[in-house]
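Fold and geometry: a report
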Amino acid sequence: MADAAAVRGNVAAEGLAPCTEADIRGQLDRILSSLEFDVSARARKFFSYVVEETLVGRADRIKAYSIAVEVFGRDTSFDAQTDPSVRIEAARIRRALERYYFTAGRDDPIVITMPKGGYVPVFNRLEREPQVEEAAAALADQPVAPTRPKISLAVWCSLAIPIVIVALTTGYRLLASEIRQESPTVSATNAQSVKPDLPGLLVEPFEGLSGTTGSAIVARGLADEVVGQIAKFKDIVVVVGGTEGTSAPRGSQPVRYVLQGSIRIEDDKLRVTARLVDRPGGSVVWADSYDKSLKVHELLETETDIARKVATAIAQPYGIIFRTDAARSVERPPDDWEAYACTLAYYAYRADLRPETHQSVKQCLERAAERFPNYATAWALLSLTYLDEQRFRYRINADSTPPLDRALDAARRAVDLDPDNVRGLQAEMTALFFHGDVDEALKIGAQAVSINPNDTELVGEYGIRLAMSGQWKRGSELILEVLDRNPGPMGYFETALAFSSYMQRDYRSAAMWIRKANVQANPLYHGIAAAIFGQLGETADAAVERDWLVRNAPQLLREVGQELATRNIPPGDQAHFVDGLRKAGILVPGF
C-alpha cells in the first residue's frame, strides 16, 4: 500500500507530482458516479476491480481469466480464446471512458485509461495545456474562456483532435480500435470443436474519404463499434481485418461475408456508407447509407446509433445474412451445415408455426445439441420448441417429461454455456413465464434486452411477456418497434399486437393487425380473431373463426380459462377476452 506515495506505473506531466492512491480512488469515484460513464453494473464492477488490483500491487494477476472468474462469476472452465465476453466488456469500458473524459471529465486532473492489448489501468496526472485553449479559441474566433468553445465538426476533426491527442498523450483514446488489436484470431478448427459451421463475417477497416486525420479516426471508431454490436449476435463469427487493404486475417475463421464501409465528413454532416459482400460469389447482397447532422459532442452517440442499425440489418434473425444463408442451404448446402441449418429451419418454422413442421425442427435441434453440446443457441431454440408443445398444443406425450420442464432445463443449459447468449436468456424468460414466475421472467428479459437491444426477435418476445403480464401499453410499444425493424415474417408479432390492442379496447386496430397476420394454422390466432370480431359485431367474420375452432381445436374451446391463466393474463383481462368470445357465439365454461 502506498497511500501518500506515488503509485507504481502511473504517469505525470513534467513538473507534476505522480498520482497517489487517494487521488486515484477519488477519480474512480468521480467516474463511477457520473452519468456520462454509461455502462452496465458488470462493467462498473470490472473497472473497479482492475483499478483496485493495480493499487494493491496485483496488476500482474489482471488477466481475462481472473476477470471472468472473479468479476463475471464464470467457472474455472472459462476459455478466453473461445469466449470474447471480457474483451467486449473491456471495449465498452474504454469507449465509456472516452465519452466521460470528452464530456464531464474534460477538466479532471487525473486520467484513468485501460490501454488496448490488456486490462491493467494506467493513471495519468495531467494539466490543461494553455495552447489547447488558445488553439480552440482561435479556431472559434473568440477569446479564451473557461468553457470549451463550440467548433464545427469539420474543423474539430481536422485540427482539434490532433491537439487534444498531443495534450493528453495516453489519456484520450478517441475511438481507438481496441477489439482489432487485442482479439485473438479464431481458428476454424477450434471454432468447430464447440460450434457448428457458423457464418463468418470479416469487418474490414472503414475508409475515411475526407482525407483528414479526424476522418480516419472516426472511421476506425465506427468500424470498431460495428464489430462490438455484431458480436452480440452469437450465431455469426466476427473477424477483423488488420490494416487497410487486408482482405482476410491469416489463419482466421473462414469467412463467407465481408462488411465494408466508408465515411465522409463535410461541415457538420456525416455520411456513412456500408455494404455486405457475399464472398464466395463476390456479389453485393446489401448496401445502405446513413446521413447524420451532428455536433462534436454527439459523435459517440451517432457512431453507436449507426453501428446498431448496421448490426440489426445484417445480423439479426431474418437479417440479410440469415436470409442469404437460408437460400444457399436450399440450393447447395455447404459441408457440415446441418446444425446451423437447424437454426435456419427454426426461424422458417416461426414464420407460420405449423404443427407439421414443429416435430422435424425439434428433432433437428435435438441432433444438433447432441453433436455440438456446447452450442448454446441449439439448446435455446430447442427449449422454445419444447415450450411450443405446451403453449400451442402440438404434441404432448404423457409418458415423457412435461414440456415446460424440458424447456426450462434446455434454457438453463444454454445460459450456463453462454450467459450472454440472448437467445438462451429469451428461452429462460419464456419458460419461467409459463411456469408462473413472472417477475423473474421479466427481470431476465430486461437483462437480455440490455445485452443486445439490436435483436428484434428478443425485443418482440420480451414485449409480449410484458403485455401479457398486464403492461399492455408498454408491451405493444416494443412489439410495434419490432414491426418497424424486423424484415422477417411478422404474423406471430402481428397476432400479439392484435391481442394487445384488444386488451386496450382498441378493437379497430386489433382487427387491422389480426387481418395482417397470417398464421392460419395456429388455434390461438383464430381465438383472438373471434373475440375481436365479436366485440366489433362483425358476425359473419366471427362465425368463420368460431367454426374453425369447433372443427380444429375443440379442446381449446373447453379450456379457454386454463389457457389464459397459463399465460398469466390478469383476471380482469381474462373476463374481458371471454366477453369477446361470448359475443362471437362461443360459450366458455367457468365464466
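In this report, the structure presented in the accompanying data block is examined. (Residues numbered from 1 in each chain as written. Predicted model: local features only at pLDDT ≥ 70, side-chain atom pairs only at ≥ 80, totals over all residues. Heavy atoms only, no water.)

**Focus on empty space enclosed by the protein**
As enumerated under the stated definition, the model contains 8 cavities of 30 Å³ or more in all. Lining of the largest cavity is provided by 29 residues; of these, Met468, Leu524, Tyr525, Ile528 and Arg567 occupy positions nearest its centre. For the lining of the largest cavity, the elements supplying multiple residues, two or more each, are helix H18 (456–468), helix H20 (491–503), helix H22 (523–536), helix H24 (554–558), helix H25 (560–566) and helix H26 (571–583). When its residues are assigned to classes, the lining of the largest cavity shows 21 nonpolar, 4 polar and 4 charged. (1 Å grid on protein atoms, 1.4 Å probe; cavity = no way out; pocket = protein on both sides within 12 Å on 5 of 7 lines; lining within 4 Å. Points joined across faces, edges and corners; volume = space filled by probe spheres on them. Helix = DSSP H or I, 4+ residues; strand = E, 2+ residues; numbered from the N terminus. Nonpolar A, V, L, I, M, F, W, Y, C, P; charged D, E, K, R; others polar.)

**A short note on the pairing of strand S7 (residues 257–266)**
Within a regular strand, side chains alternate between the sheet's two faces. Among the 10 residues that make up S7, 7 are buried, leaving the element largely enclosed by the rest of the structure. Sheet topology places strand S4 (residues 200–203) next to S7; 3 bridges connect them, and they run parallel. Across the sheet, residue Leu201 finds its bridge partner in S7, namely Tyr257. Where strand S5 (residues 207–208) and S7 come together, 2 bridges link them in parallel fashion. When the sheet's bridge partners are listed, Glu207 is paired in S7 with Ser262. Judged from the 10 bridges that link them, S7 and strand S8 (residues 269–278) form a sheet pairing that is antiparallel. Within S8, the position partnered with Ile263 by the bridge is Val272. (Buried < 20%, exposed > 50% of the residue type's maximum accessible area, 1.4 Å probe, protein only. Pairing = 2+ DSSP bridges.)

**Focus: H22**
Between the first and last C-alpha of H22 there are 20 Å, a value that for 14 residues agrees with the 20 Å anticipated at 1.5 Å per step. By the criterion of burial, H22 is predominantly enclosed, with 13 of the 14 residues buried. The opening residue of H22, the one whose side-chain oxygen lies 2.9 Å from the backbone nitrogen of Leu524, is Asn522. Just downstream of H22, Gly537 is the residue with a positive phi angle, here 70°. (Expected span 1.5 Å × (residues − 1). Polar contact = N/O pair within 3.5 Å; in protein donor to acceptor, adjacent residues only side chain to side chain.)

**Some remarks on the state of the cysteines**
Going through the model one piece at a time under the given rule, you end up with 1 disulfide. Disulfide pairing places Cys342 opposite Cys364 at an S-S distance of 1.8 Å. Residues Cys342 and Cys364 share a disulfide whose torsion about the S-S bond is about -80°; that sign makes it left-handed. Here Cys342, found in helix H12 (residues 338–350), pairs with Cys364, found in helix H13 (residues 355–371); they are 22 residues apart in sequence, far enough to count as distant. Cys364 matches Cys342 in its accessibility class, with the two residues each being buried. (Disulfide = S-S within 2.5 Å.)

**Digging into the environment of Asp224**
Its location among the elements puts Asp224 in helix H9 (residues 213–230). Assessed through its relative accessible area of 3%, Asp224 is described here as buried. Along the primary structure Asp224 and Val203 are separated by 21 residues, whereas in three dimensions their C-alpha atoms are 8.9 Å apart.

**Re helix H4 (residues 85–102)**
For H4, with 18 residues, the first-to-last C-alpha span of 26 Å sits near the 26 Å given by 1.5 Å per residue. Among the 18 residues that make up H4, 16 are buried, leaving the element largely enclosed by the rest of the structure.

**With respect to the layout of surface pockets**
Its volume calculated, the second largest pocket comes out at about 990 Å³. Asp38, Val39, Ser40, Arg92 and Lys232 are, among the 30 residues lining the second largest pocket, the residues nearest its centre. A total of 7 residues in the lining of the second largest pocket trace back to one element, the largest contributor, which is H4. Its residues assigned to classes, the lining of the second largest pocket shows 10 nonpolar, 6 polar and 14 charged.

**Observations regarding the packing of H22 against H26**
The contact between H22 and H26 brings their axes to 7 Å, and the two run at 75°. Comparing the axis directions of H22 and H26 gives the class roughly perpendicular. Between H22, through Gly527, Ile528, Ala530, Ala531, Gly534 and Gln535, and H26, the contact on the second element is made entirely by His576, Phe577, Asp579, Gly580, Leu581 and Lys583. Split by residue class, the contact of H22 with H26 holds 5 nonpolar, 5 polar and 2 charged. (Axes fitted to C-alpha atoms, helices over the stretch in contact; angles between N-to-C directions. Parallel < 35°, antiparallel > 145°, perpendicular 65-115°, else oblique. Contact = heavy atoms within 4.5 Å.)

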